[in-house]
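Residues per chain, in single letters:
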Amino acid sequence: MDKDAPIGVFDSGVGGLTVAREIIRQIPNERIVYFGDTARLPYGTKSKDTIIRYSRQIVNFLTNEGVKAIVVACNTASAYALEEIKDEIKVPIIGVVKPGARTAVSVTKNKRIGIIATEGTINSGLYTKVIKEQDSTIEVIGKACPLLVSLVEEGWLHDDITDQIVARYLEELKEADVDTLVLGCTHFPLLRSSVGNVMGEGVNLVNPAYETALELKRLLAEKQLANVKEVDSPSLMYRFYVSDAAEKFKNIANMILPFDIKTTKQINIEE
Ligand code: DGL
């Protein structure tokens, strides 16, 4: 496998860019092909079978693009589809749930961890399972926050309405006295300030993207796949694809990434 080949990263929409951003920060030598499934978002309310089917199509697209590794930058797809598809492909593939769960276990002091995520991720029980495997005495309180995905896709990152909805969703977790809260949907780190204001300074906010990028770095080194070439300009390093609304994606991406995206290409992922 060519060390100069890109990393495939995918999500249902713009949320996975929070993971791409962290990969760019931690391993700037790596090229990225990003796919946002904007035509079929949200993933969080769909069934496991549907998420597996969607993920399989995207993984096929990314492998045809010649990627050397894949990051499932979507908690819902990581929870529902990763185990199913990992043995079907030749390139290494990692998700965001396990790295996020590991970080939460390492930072909690009172052993009370909150998870905010999509309905799918909460219903899968994967965060709870991975956390309990590491320390069965930890209490895990999950809360599905589906509306937050739409608010982020709409670009309402700093908005009174968003703050009110965040506060309503988090009431239960505040009462549950968690000292650690996992932002268990890749869209949610974009609402970090709003979530932080509600939870207060004493609560650790865990963004699984950080540990995921570290895990990717370790994996590339272990498989001798790390890119050693000089970093090019962003237009050569990163390619962005979506299944719909390319212009809207580009505008929000430009709020998230440290550079402006010039083009986003729309493709038919079902073909
Ligand atoms: N950003 C995705 C996640 O991490 C899913 C959001 C959605 O499409 O519902 O779960």
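Residues numbered from 1 in each chain as written. Predicted model: local features only at pLDDT ≥ 70, side-chain atom pairs only at ≥ 80, totals over all residues. Heavy atoms only, no water.

### A short note on the packing of aromatic side chains
Just so we agree on the cut-off: Stacked, edge-to-face and tilted are the three classes for Phe, Tyr and Trp ring pairs, Trp counted by its six-membered ring, which pair at centre distances within 6.5 Å; planes under 30 degrees apart are stacked, over 60 edge-to-face, the rest tilted. Starting at the N terminus, helices and strands are each numbered in turn, a helix being any DSSP run of H or I of at least four residues and a strand any DSSP run of E of at least two. Think of it in three bands: with a 1.4 Å probe and only protein chains considered, a residue is buried below 20% of the maximum accessible area for its type, exposed above 50%, and partly exposed in between. Two limits define a charge over a ring: the Lys NZ or Arg CZ must be within 6 Å of the ring centre, and within 35 degrees of the ring normal.
In total, this model carries seven aromatic pairs according to the counting rule given. Seen from their ring centres, Tyr34 and Phe249 are 5.8 Å apart, and the 35 degrees between their planes marks the pair as tilted. With a gap of 215 residues between them, Tyr34 in strand 2 (residues 32-36) and Phe249 in helix 13 (residues 246-256) connect regions that are remote in the sequence. The pair formed by Tyr34 and Phe249 is uniform in burial state, with each residue classed as buried. When the centroid spacing of 5.2 Å and the interplanar angle of 10 degrees are considered together, the rings of Tyr238 and Phe259 count as stacked. Of this pair, Tyr238 sits in strand 9 (residues 238-242) while Phe259 sits in the loop between helix 13 and strand 10 (265-266), and the two are 21 residues apart along the sequence. Aromatic rings pair up to connect Tyr34, Phe240 and Phe249 into one cluster. Against the face of Tyr54 rests Arg40, its NZ or CZ located 3.7 Å from the ring centre.

### Examining the pattern of salt bridges
Put simply, the rule reads: Take a side-chain nitrogen of Lys or Arg and a carboxyl oxygen of Asp or Glu: if they are within 4 Å of each other, that pair is a salt bridge.
In total, this model carries 19 salt bridges according to the counting rule given. Connected through shared salt-bridge partners, Asp4, Arg31, Lys229 and Asp232 make up one network.

### Topic: the sheet that holds strand 7 (residues 180-183)
In a beta sheet, neighbouring strands pair by backbone hydrogen bonds and run either parallel or antiparallel. For clarity, the cut-off: Two strands are said to pair when DSSP picks up at least two bridges between them. A fitted line through C-alpha atoms serves as each axis, taken over the contacting stretch for helices, and the angle formed by two N-to-C directions is quoted from 0 to 180°. Note on contacts: a residue pair is in contact if any heavy atoms of the two residues lie within 4.5 Å.
An order of 6-5-7-8 is seen for the four strands of this open sheet, with the pairing classed as parallel. Each end of this open sheet is capped by a strand with a single partner; those strands are strand 6 (139-144) and strand 8 (204-206). Shown here is a sheet whose adjacent strand axes are inclined to one another by a mean of 20 degrees, direction ignored. In this sheet, strand 8 lies alongside strand 7 in parallel orientation, the contact comprising three bridges. Residue pairing across strands places Leu181 opposite Leu205, the latter belonging to strand 8. The strands touched by helix 10 (residues 192-199) are strand 5 (112-117), strand 7 and strand 8; relative to strand 7, the strand with the most contacts, the crossing angle is about 160 degrees.

### What to know about the environment of Asp163
As a reminder of what qualifies: Any pair of nitrogen or oxygen atoms within 3.5 Å is treated as a polar contact; in protein, a donor-acceptor pairing is required on top of that, and neighbouring residues in sequence qualify only through side-chain atoms on both sides.
In this fold, Asp163 is placed in helix 9 (residues 160-175). For the pair Asp163 and Ser194, spaced 31 residues apart in sequence, the C-alpha to C-alpha distance is 5.7 Å. Separated by 2.7 Å, the side chains of Asp163 and Ser194 make a polar contact.

### So, the site of the ligand
So the rule is basically this: The rule for a residue being near a molecule or strand is that one of its heavy atoms must lie within 4 Å of it. Using a 1.4 Å probe, accessible areas were evaluated by the Shrake-Rupley method; residue-level cover was limited to the displayed protein chains. Ten residue types, Ala, Val, Leu, Ile, Met, Phe, Trp, Tyr, Cys and Pro, are classed as nonpolar, four, Asp, Glu, Lys and Arg, as charged, and the remainder, Gly among them, as polar.
Around the ligand, 13 residues are found, and the nearest of them are Ser12, Tyr43, Asn75, Thr76 and His187. The contact in question runs from a nitrogen atom of the ligand to an N or O atom on the side chain of Asp11, over 3.1 Å. Between an oxygen atom of the ligand and a side-chain N or O atom of Thr76, the distance comes to 2.6 Å. In the complex, the protein chains occlude 99% of the 290 Å² of accessible area that the ligand would expose alone. Across the shell around the ligand, the residue classes break down as five nonpolar, seven polar and one charged.

Geometric values such as these leave the question of function open.
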